[in-house]
Amino acid sequence: MGNKQTIFTAQQLDAYQDCTYFTRKEILRLFNRYRDLAPQLVPLDYTNQPDVKLPYELIGSMPELKDNPFRQRIAEVFSEDGEGNMTLDDFLDMFSVLSEMAPRDLKAYYAFKIYDFNNDDFICKSDLEKTLNKLTRNELTEEEVRMVCEKVIDEADLDNDGRLSLEDFQHMIVRAPDFLRMDWKYFNILYFHLFISLAR
Amino acid sequence: MDGGLQREDPGASYFRESLRLRRRPSRVSNQLNRDSSSDEDEEEDEVDGEDQARELRNTPFSMALKKAVRQAQLMKMPVVSSSNSWKMKRSKILRQLKSSARDVVGYLTLWDKTLQKIGGNFGGGVQSYFLFLRFLVVLNFLSFLLLAAFVIIPSIIFSRVGTSFSNTSETLNLCADCAAECMEYEPNPQGLRMFYSYFLDLLSGTHFMEYTYLFYGYYSNTVLEDRNFSYNIPLAYLLTAVFYLAFCLVCIIARMGTAARVAVVTGGSTVGNYSMIVFCGWDYGCLGDRATKLKQRNVLYRLQVDLEEEALKRRAAARTLKQRVLLYSLRVAMFFVALGLIIAAFVGIFEATNFSQENRQEEGFLSLLLEYLPSIVITAGNFVVPMLCDQIALIERYTPSTTVILALLRAVFLRLMSLAILLITLWQQITCEGDTESQNCKLCLYNHVDYPCWETRLGQEMYKLTLFDFLVSVAVLVLVEFPRRMVVDNWSNKLVQWFGRQQFTVPANVLELVYGQTVVWTGALFCPLLPLISVVKFVLFFYFKKINLFNNCRPALRTFRSTTSTVFFLMVLLIGWCLAAAVVIYSIAEIHPSISCGPFRVSSNIWSIVPSSILNLSEVTQEFLFFIGSQAFAIPLCVLSCVVMCYVIVLAAAYGKSVSLLRKRLKMEGRDKQFLVKQIGELTRKLQIPNSE
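The structure presented is a predicted model; accordingly, all values stated were derived computationally and were not measured.

Quick notes on the rules
- Residues numbered from 1 in each chain as written.
- Chains lettered and ligands numbered in written order.
- Predicted model: local features only at pLDDT ≥ 70, side-chain atom pairs only at ≥ 80, totals over all residues.
- Heavy atoms only, no water.
- Helix = DSSP H or I, 4+ residues; strand = E, 2+ residues; numbered from the N terminus.
- Buried < 20%, exposed > 50% of the residue type's maximum accessible area, 1.4 Å probe, protein only.
- Contact = heavy atoms within 4.5 Å.
- Areas by Shrake-Rupley, 256 points an atom, 1.4 Å probe, with all protein chains shown as cover.
- Patch = residues over 30% accessible without salt bridge, like charges linked within 9 Å, V, L, I, M, F, W, Y side chains within 5 Å.
- Salt bridge = Lys/Arg side-chain N within 4 Å of Asp/Glu carboxyl O.
- pLDDT = per-residue confidence, 0-100.
- Axes fitted to C-alpha atoms, helices over the stretch in contact; angles between N-to-C directions.
- Parallel < 35°, antiparallel > 145°, perpendicular 65-115°, else oblique.
- Nonpolar A, V, L, I, M, F, W, Y, C, P; charged D, E, K, R; others polar.
- Phe/Tyr/Trp six-rings, centres within 6.5 Å; stacked < 30°, edge-to-face > 60°.
- Lys NZ or Arg CZ within 6 Å of the ring centre and 35° of its normal.
- Domains from an automatic or database assignment.
- Buried area = accessible area lost by both parts, 1.4 Å probe.
- UniProt positions renumbered as here; feature names shortened; annotations may be inferred.

## Some thoughts on the overall build of chain A
In step 1: Counting its regular elements, chain A contains 11 helices and 0 strands.
In step 2: For chain A, the succession of helices and strands along the chain, N to C, is α-α-α-α-α-α-α-α-α-α-α.
In step 3: Buried residues in chain A amount to 54% of all 200 residues.
In step 4: By sequence separation, contacts in chain A at least 24 residues apart represent 57% of the contacts at least 6 residues apart.
In step 5: Summed over its atoms, the accessible surface of chain A is roughly 8,800 Å², and 49% of this surface lies on carbon and sulfur atoms.

## Notes on unusual backbone geometry
Residues and elements named next belong to chain A.
In step 1: Residues other than glycine seldom take positive phi values, yet Gln-49 does so here, at roughly 50 degrees.
In step 2: Here Gln-49 shows up in the loop between α2 (24-37) and α3 (56-59).
In step 3: The backbone of Asp-121 sits at a positive phi, close to 65 degrees, despite the residue not being glycine.
In step 4: Positionally, Asp-121 belongs in the loop between α7 (104-115) and α8 (125-136).
In step 5: Taking the relative accessible area as the measure of exposure, Asp-121 reaches 24% and is therefore partly exposed.

## With respect to a nonpolar patch on the surface
Residues and elements named next belong to chain B.
In step 1: On the surface, Val-332, Phe-335, Phe-336, Leu-339, Ile-343, Val-347, Phe-413 and Met-417 cluster together into a nonpolar patch covering about 700 Å² of accessible area.
In step 2: Per-element tally for the nonpolar patch: the top contributor is helix α12 (residues 321-358), with 6 residues.
In step 3: Inspection of the secondary structure assignment puts Met-417 in helix α15 (residues 400-430).

## Comments concerning the confidence of the model for chain A
In step 1: Per-residue confidence for chain A gives a mean pLDDT of 78, with 84% of residues at or over 70.
In step 2: Here residues 185-200 of chain A scores under 50 on pLDDT; set against residues more than four positions off or in separate chains, the count is 23 contacts.

## Comments concerning the packing of helix α8 (residues 196-204) of chain B against helix α16 (residues 454-490) of chain B
Residue and element names in this part refer to chain B.
In step 1: α16 packs onto α8 with a crossing angle of 100 degrees between their chain directions and a minimal axis gap of 8 Å. Looking at the two axes, α8 sits roughly perpendicular to α16. Mapping the contact onto sequence places Leu-202, Leu-203 and Ser-204 in α8 and Gln-460, Tyr-463, Lys-464, Leu-467 and Leu-471 in α16.
In step 2: For the contact of α8 with α16, the per-class residue count stands at 5 nonpolar, 2 polar and 1 charged.

## Side note on the packing of aromatic side chains
In step 1: Inspection of every chain in the model, using the stated rule, returns 29 aromatic pairs over all chains.
In step 2: Plain terms: the ring middles of Phe-335 of chain B and Phe-336 of chain B are 5.6 Å apart, the flat faces sit at 65 degrees to each other, and that makes the pair edge-to-face.
In step 3: By relative accessible area, Phe-335 of chain B is classed as partly exposed at 45%.
In step 4: What links up through ring pairs into an aromatic cluster is the set Trp-111, Tyr-129, Phe-130, Phe-542 and Tyr-543 of chain B.
In step 5: When the ring centre of Phe-117 of chain A is taken as origin, the NZ or CZ atom of Arg-73 of chain A, which lies over that ring, is 5.6 Å away.
In step 6: Just above the ring of Phe-541 of chain B sits the side chain of Lys-537 of chain B; from NZ or CZ to the centre is 5.7 Å.

## A few points about the domain arrangement of chain B
Residues and elements named next belong to chain B.
In step 1: Under the domain assignment used here, chain B contains domain 1 (10-108), domain 2 (112-616) and domain 3 (617-693).
In step 2: Residue-level contacts link 4 residues of domain 2 with 4 residues of domain 3.
In step 3: Of the roughly 370 Å² buried between domain 2 and domain 3 on both sides combined, carbon and sulfur atoms contribute 62%.
In step 4: The interface formed by domain 2 and domain 3 includes 0 salt bridges.

## What to know about the UniProt feature "transmembrane region" (unreviewed entry) in chain B
All names here are of chain B.
In step 1: In this structure's numbering, the residues bearing the UniProt feature "transmembrane region" (unreviewed entry) are residues 131-158, 195-215, 235-254, 325-350, 404-427, 519-544, 565-589 and 633-655.
In step 2: Secondary structure within residues 235-254 divides into 100% helix and 0% strand; the distance between the first and last C-alpha atoms comes to 28 Å.
In step 3: Secondary structure within residues 633-655 divides into 100% helix and 0% strand; the distance between the first and last C-alpha atoms comes to 33 Å.

## Looking at the UniProt feature "domain: EF-hand" (unreviewed entry) in chain A
In step 1: UniProt's entry tags residues 103-138 and 144-179 of chain A with the feature "domain: EF-hand" (unreviewed entry), counted in the numbering of this structure.
In step 2: For residues 103-138 of chain A, the helix share is 67%, the strand share is 0%, and the end-to-end C-alpha distance is 32 Å.

## Considerations on the confidence of the model for chain B
All names here are of chain B.
In step 1: Mean pLDDT over chain B: 77, with 80% of residues reaching 70 or higher.
In step 2: Of all helices and strands in chain B, the one with the weakest mean pLDDT is helix α2 (residues 26-36) (38), whereas helix α19 (residues 530-552) scores best (90).
In step 3: pLDDT under 50 marks residues 1-47. Its contacts with residues more than four places away, or in other chains, come to 51 contacts.
In step 4: Every residue in residues 165-171 is under pLDDT 50, and counting partners more than four places away or in other chains gives 19 contacts.
In step 5: This prediction of the complex comes with two scores: 0.72 for pTM and 0.78 for ipTM.

## Thoughts on the pattern of salt bridges
All names here are of chain A.
In step 1: Taken as a whole, this structure holds 10 salt bridges over all chains when the rule is applied.
In step 2: Close ionic contact of Glu-143 with Arg-146 constitutes a salt bridge, the shortest N to O distance being 2.7 Å. Of the two residues, Glu-143 and Arg-146 are both situated in helix α9 (residues 142-156); the distance of 3 residues between them amounts to about one turn of the helix.
In step 3: By relative accessible area, which is 42% here, Glu-143 ends up partly exposed.
In step 4: Residue classification places Arg-146 among the partly exposed residues on the basis of a relative accessible area of 38%.
In step 5: When the shortest N-O distance is used, the salt bridge between Arg-146 and Glu-150 registers 2.9 Å. Taken together, the residues Arg-146 and Glu-150, both in helix α9 and 4 residues apart, mark about one turn of the helix.
In step 6: The network of salt bridges with common partners includes Glu-143, Arg-146 and Glu-150.

So, in structure tokens, the structure goes:
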């Protein structure tokens, strides 16, 4: 475990280690993933904190996100400018929250923001309809969509305002053990890509 | 905040603002408060440092904000002395060690990555099957270690090295007053045999395999007594078998406890059904276009099925009296038809076992076929009867979830009862149907003519069942699954495409596992190496099923719920355990052990070795053990456990009630909030209108 890397200063690495769930090696691997998306845009030296943002199109082409119907919302939620263009900080943050080590409450918070399409801190009926359509590729009929939305709001809305607040959402998530599968199990793909890039 | 009068209620905006502020996690404010009061206690700082780092990660801020907060925290920390800085370094090193230890444990856990891949591609239900399989592998391996340590290895050692001990007395009691015919036991036939007969013997556990450590008959009742060391092999054999069953029970219950806790907390499967599917249905681990499309179709199917169940329920409630009477009478009739089918299967097994036992003398492949006849009939019954029951279920018209549960219960009943019928048939033949005056049983109190060593015969039957189970699975994989996949992929006939690739049906596979494990438990007393054989079998199962899953199966449209399913699997396993325990208890307590072989050849029943050993212990221990076995101890213990159970049940009911009360209170508070917000809005409007005039 040598200190031969010159991408980050020791303080930067410490800060990243404290703010995410990753070790040094994983942070460096993630940096390589980030750089692989656009090698000409991302410098190899981050010690003076360059201001580099990768556009959403590149982020959305990553294998983890490429086929996910919620990829645009995920990128928007984690990016600073809200448009999906991510700096390295945002990128690390996204992987950290979506990794296996993040606790359920944190994931619930971000899941709420992902499903809140109009960013008004509530999941209203239109948000639910968009979520459903993305989940089922628009293959439910209008009637079925309406019925399911009604049932969801019936089940989860506790303060009876016709839409789901963060508390309603968290209260419902608490009862779902399956919810912990909101993570990227193929995290070990990082290692695979590292070998590929070393071999080049 | 431009909450102007013309856009929205200022009250509403105030309401939202206050909510947003409240929604900021209070952990951060706690931590900042702790920061400001940290100058009084320097000692707590390094603990705080670790807590702060952990808490910072858990906050839902953006990365820039987190780094700024961290900067602020670092600056607020007072100057540390050298001892404190060493403590901080130590805690940091400990943290790194913990994370690398976590990595190593994850690496060592059997098949961890494979299970994750299966869960990601095929869902939680299929993954729970493989988790169950892994649990069984570990359980059987530990059981084998137990048996090896206390029974097999001592037997091997004492048979090789026993004579070199000085002052040892090896008591190999032979039954002094038993008839000579009872002690005849010739497992190895003399004379030339065909070369292929060795292969047949391997498959049926006879002849050269019979008189080995594999079966009960080889172990002798040596009691080794050295100067300060004594080892009683029969006692060890019996107690190890009993302890092995108890150990398995404890493991199952412990695992069921953790699974049931999760299932209880999540309130069962019917509450919050739609919200669960919508918000938790998406697996962010799905990779690839095909997996994503399948997952989407899965979610669609689940929603449609739930909506359809709702529609069915509404239609059921609207049925007229005449329709209802007709339906219920139909259901009762179908129940009897299903019962009749199952009983027919049992009769078939009974007849097959009798036939197989009566005609054991043939040679060659015919003899192998006759040996395996009970297994063949059981497997055929377990294949045909559930198919017919599925057709019956179409007539019964229950809701889909009820149909699945009913089908499973019927299959479980069929499988385990087939095994019980086989064993009962064997026992009847061994004990001459309880008639000790019949010709075969008069001399030795068991049927010594057909079964010179009946425990070994039972062990052989269990061995054959295990082996046959494994061979059938492999044969199905090679002869059915792969060809089906090739036919479906290469032939675009409409009928074939409608048939489609097979799905991995979790319940049927789990029943197979439970059946195999019940056979192992039943046979372990008579075939001590059976847990080892089953470890090998289950490990090979894992790899074969995995290959089948990834190459031939498509993800099931109808997924099995993973939490309740774990509890269900373990409950079925527990039923299997009860059956095995009943078999073992009956064998230990009732039937006279063989006189010609085995460690219990001098006792009148297997259990009697325990009382005779207790008599060799000291007075105090004897009195203590007798006291525990007497009524004076057992009845208060029963009463106490009933009281504890009632207390726990009442406590659980009280918690459930308090949860529903809290939920009602939440609803009430929401309504109060709305009312107050409306009041605020009206009041501000009343106050502002005079102002603007």
